[in-house]
Amino acid sequence: MTVRRWLLGPPVEQDLAPQGAAGVELLGHRTYVGGLWDEIGQLQFDFLCSRGLRPEQVLLDIACGSLRLGVKAIPYLQPGHYLGIEKEALLLERGLALELGPELAARCQPRLIADADFGFAQFGVQPDVAMAQSLFTHLPPRLIERCLQRLHPCLKPSSVLYATYFISTVPQRLRLRQPHDHASFHYTRRQVTRFGERNGYSVEYIGAWNHPRQQQMVAYRPLPQF
Ligand SMILES: C[S@@+](CC[C@H](N)C(=O)[O-])C[C@H]1O[C@@H](n2cnc3c(N)ncnc32)[C@H](O)[C@@H]1O
């Protein structure tokens, strides 16, 4: 496998850990979402607060995993104001039971949906702020655009989506055509700008935000009348 990596570059699917419930069971719910549990949870929460997140606002955590951000944000926000959507139901279950705990869950009423096709309309609420931390780093372009496209009608004019990316200086050849929770996709600044522009957003490139793996931050704001 090592020789193969040397010769061919980034891993291909058969070299990667399993996805889905089998992967969660094998790796555990913290490692599955990338580890660095406290550090990256706190980083996200501090970032959102520095950008003005207030308890009365509604936060949509896109690909919320096992609530790495949620354990910080849920007790801060007013009850029912944390919306989490995630494709792996088992991550949500583990996050609720083992990280947030039943008492806080009952008091803070987070709203969690297991859905892999970005069905944000199911919440029936327009979030003030959305966060997609290390989601687009695992998706090919068509799914990034699907997410942005489905989010747009669910936002209000003042809403903002913060999304992180691995940024490359030149376009990378896709080694995987399908998304993968344990593989990384890299995009150029021009590509991440075009993802937003094509789907009705103004794009602000924020860049470095102290992410330990150098993911960069981009803000997408819905353009009216798109
Ligand atoms: C690196 S983890 C980050 C999780 C979370 N944002 C955090 O910071 O802890 C990526 C997450 O994206 C989820 N994911 C991947 N594709 C998804 C999709 N189409 N819809 C919802 N979640 C998805 C994975 O299951 C995984 O939980």
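One structure accompanies this document, and this report is about it. (Residues numbered from 1 in each chain as written. Predicted model: local features only at pLDDT ≥ 70, side-chain atom pairs only at ≥ 80, totals over all residues.)

**Some words on the environment of G207**
Residue position: G207 is located in strand β7 (residues 201-208). Separated by 18 residues in the primary sequence, G207 and R189 place their C-alpha atoms 9.5 Å from one another. Not counting residues within four places of it along the chain, the set of residues in contact with G207 comprises Q216 and M217. (Helix = DSSP H or I, 4+ residues; strand = E, 2+ residues; numbered from the N terminus. Contact = placed C-beta atoms within 7 Å.)

**Some thoughts on the nonpolar core**
Residues L59, I62, A130, M131, A132, L151 and A163 are the most contacted members of the largest nonpolar core, which totals 55 residues. A per-element tally of this core places helix α4 (residues 37-50) first, with five residues. Setting aside residues no more than four positions away along its own chain, M131 makes contact with Q44, L48, L59, D61, I62, L69 and Y162. (Core = buried A, V, L, I, M, F, W, Y, C linked by C-beta atoms within 7 Å. Buried ≥ 20, exposed ≤ 12 C-beta atoms within 10 Å, placed from the backbone.)

**Topic: α4**
If you check α4, its first and last C-alpha atoms are 20 Å apart, about what 14 residues at 1.5 Å a residue would give, namely 20 Å. On its buried face, α4 sits against α5 (70-76) and β4 (129-132). Positive backbone phi, approximately 100°, marks G52, located one or two places after α4. (Expected span 1.5 Å × (residues − 1).)

**Brief notes about the site of the ligand**
Near the ligand you find 20 residues, and of these A63, G65, R68, K87 and S134 are the closest. Across the shell around the ligand, the residue classes break down as ten nonpolar, five polar and five charged. (Near = placed C-beta within 6 Å. Nonpolar A, V, L, I, M, F, W, Y, C, P; charged D, E, K, R; others polar.)

**Points about helix α8 (residues 141-151)**
Residues that lie three or four places apart on an α-helix share one face, since the helix turns once every 3.6 residues. Inspection of α8 places I144, C147, L148 and L151 among the buried residues, and these make up the whole buried set. Mapping the buried residues of α8 onto a view down its axis gives an arc of 95°, with all of them on the same face. Looking at the buried side of α8, the elements it contacts are β1 (59-62), β4, β5 (160-167), α9 (189-198), β7 and β8 (216-222). (Arc of directions from axis to C-beta.)

**A closer look at the packing of α8 against α9**
Direction vectors running N to C along α8 and α9 enclose 40°, while the axes themselves pass 9 Å from each other. Between α8 and α9, the angle is such that the two are oblique. Crossing hand, α8 versus α9: right-handed. Counting all contacts with α8, which are made through P141, I144, E145 and L148, the residues of α9 involved are F195, G196 and R198. Taken together, the residues of the contact of α8 with α9 break down into four nonpolar, one polar and two charged. (Axes fitted to C-alpha atoms, helices over the stretch in contact; angles between N-to-C directions. Parallel < 35°, antiparallel > 145°, perpendicular 65-115°, else oblique. Left-handed = near helix turned anticlockwise from the far one by under 90°.)

**A look at the environment of G41**
Considering the arrangement of structural elements, one finds G41 in helix α4. Owing to 21 C-beta atoms within 10 Å, G41 belongs among the buried residues under this scheme. Here the alpha-carbon distance between G41 and T188, two residues 147 residues apart in the chain, equals 25 Å. The contacts of G41, once residues within four sequence positions are left out, are R68, L69, V71 and K72.

That is the geometry; function is a separate question.
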